[in-house]
Structures are given as structure tokens and as C-alpha cells.
Amino acid sequence: MREEAIPKEKVILAKQYPVFVADTIGVTSHYQKLHWHNVLEINYIKAGTGYYMINGQRYDFRQGDMLLINSNDLHCAHETEDLIMTVITFDPTWFIHNLRFDAELFSPFREMGTHFTNLICRDHPAMDKLRRLVLELQEENEQGRRSHATTVYALLLQVMATVNRECRITGGRGNEPGIGERQLEKMRQVILVMEQNYAHPWTLEELASLVYLSPSRFSEIFKRAVGMPPLLYLIHIRLEQAVMMLDGGQMKVMDVALECGFRTLTNFNRLFKKHIGMTPKASQKQQT
């Protein structure tokens, strides 16, 4: 079962206003890890470049692009340069009454991969309209004026209706085939084990044996699903834990390194600075 591998992230939204809208600068370490959640997501790229890994398929994006992410999509995001994107997450049950009048409202999410694609390119004829709707929606959400919830609701309806009407791909030429569900499930299982036992001195052979694959085949599938090799992903998991342990300054840097599975302080310092952008001591001082 999927829940036994990577549990679905439960995003808590206000019952009366189940939508979250915000700009994000770059991509935090949490969202560089494969995850999935109980909400639908729309991302508009305001600036910069990056790429998404969605169900084993890579989508490079840049300013002006839009991405749709279904609640069942296993995904992670990576920044390549100066990324700013508007993120809209919402509970689909907010619109359940509208399905009585428009049964196709959620077709872009239900038919993802067949008649729709996760990435809507900046040069798509519908993008000018979608861009205006998203920016107006964000402004309404931020200003919080009278009846802003109703206005945001109406604008989000227009976004979905526009995608359904104007972004459908005829002939079923949606996303290119990604990784099969069984293969994705195996990668979920390995990732969960890595996250629960990040300090273990894992080898590629050990990780591959967890899902009965050869090291070369496992490495190939994992890289396609996540966008990076398994042992590099393990380093990211360890460094994320290290950042949290350094918070507050209660632990010595050497102790954090050993707790997170780094065998030497020199290696820990080198990898921390390479991937986090500062030394562990500097990170510890910044958070105290």
C-alpha cells in the first residue's frame, strides 16, 4: 500500500476557506524530497528556472510556466536559478457542489497523463488568461477585503474551467510515460526506510536488495523517480536532519555529524557547506 511507503502528507486548511496561496523563493529541503498530499496544487512560475520530478517524469520549467499537481502525484521540486513561484493548494471538496453543474471540472487532474499534462508552457494560447486569473486570485487572497473568499473561489473556478476548456490535448497525447506504479511503490518503500534509518551506513547494494533489484537497475529507476542518485538523496536526508539538530545550539557539531551518519567531521563540514551553503557552525549561530 502507498501509505506503508511514503505516508500521504495531510495539509490542514481552514474549513471555511480551504485554500493556501503564497509565493515561495527557491525550494526548501522538505520539498526537494519526494512527497504527495491530500490537496490539489497549482504552481505559477514568476521568475527563474527549475524542474519537477512527478511520478518519475522530469519537467523543466521557467518563468511564465504553470504546473498542475494531483493529490496522487509523487513529486519533488528543484531550483536551478533564482526561482520564485506562486503556489496555490486547495481542497477539491470545496467545489463539490459545482460538479452537479460541471462534471468535467476536475478533468485536468483526473485525466492527467492522457488528455492533460502536468506542465502548461508559457507560450500556450491560454497562458495569458491563466496568468491574469492567478495573479488576481493572489491579490484578493493577500488583501483579504470583504467577500475575498467568494472572489478567490470564483477565480479558482475560472482557472480550472479555462484549463479544462483550452488545455485539453486531443488524441490522448498527455505526459510521456513515466515510471510504472509498481516501480514507484518500490522507490517509496526504499525512501521511507532511508528516512527512518538515515544514520545507517547504507550501500547501494543494501538499498537495492530492499526491493529485490540489482544495484544498477535500482539506481536507474531511483534516479528517474527522484532526479538524483540514491546515495546523494541519502546525503540530503542526513543534512536535513543535521540542520534541525543544530537548531538551538544544544548539540556539538561533532555529535550532530555522528548522529546523522557522517563518519568524519571533515566530510560532514564539506558536504554541509556544499549543499546548505554555509558551515555547520555558521548554521548553528544563525539559528540561535
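Residues numbered from 1 in each chain as written. Predicted model: local features only at pLDDT ≥ 70, side-chain atom pairs only at ≥ 80, totals over all residues. Heavy atoms only, no water.

Peer 1: Whenever I open this one, the pattern of salt bridges confuses me. Can you help?
Peer 2: A pair can form between side chains of opposite charge whenever their charged atoms are brought close. Tallying each qualifying case throughout the model produces 8 salt bridges. As a salt-bridge pair, Asp23 and Lys46 come within 2.9 Å of each other at their nearest N and O atoms. Here Lys46 lies in strand 2 (residues 40-54) and Asp23 lies in strand 1 (residues 19-25), a separation of 23 residues in the sequence. Of the charged contacts, one joins Glu220 and Arg217 as a salt bridge, the two residues approaching to 3.3 Å between their closest N and O atoms. A residue pair is termed a helical-turn pair when its members lie 3 or 4 positions apart in one helix, as Glu220 and Arg217 do in helix 7 (residues 215-226) at 3 residues. (Salt bridge = Lys/Arg side-chain N within 4 Å of Asp/Glu carboxyl O. Helix = DSSP H or I, 4+ residues; strand = E, 2+ residues; numbered from the N terminus.)

Peer 1: Help me understand the nonpolar core in this model?
Peer 2: Buried together is how nonpolar side chains tend to be arranged in soluble globular proteins. Within the largest apolar cluster, 39 residues are counted, with the highest numbers of intra-cluster contacts made by Met194, Phe218, Phe222, Val226, Tyr233 and Phe268. For this core, the secondary-structure elements that each account for two or more residues are strand 2, helix 5 (181-196), helix 6 (204-209), helix 7, helix 8 (230-246), helix 9 (253-259) and helix 10 (265-276). When residues in this core are grouped by element, the largest group, 8 residues, is from helix 8. Aside from chain neighbours lying at most four places away, what touches Phe268 is Leu239, Ala242, Val253, Val256, Ala257, Phe262 and Pro280. (Core = buried A, V, L, I, M, F, W, Y, C linked by side-chain atoms within 4.5 Å. Buried < 20%, exposed > 50% of the residue type's maximum accessible area, 1.4 Å probe, protein only. Contact = heavy atoms within 4.5 Å.)

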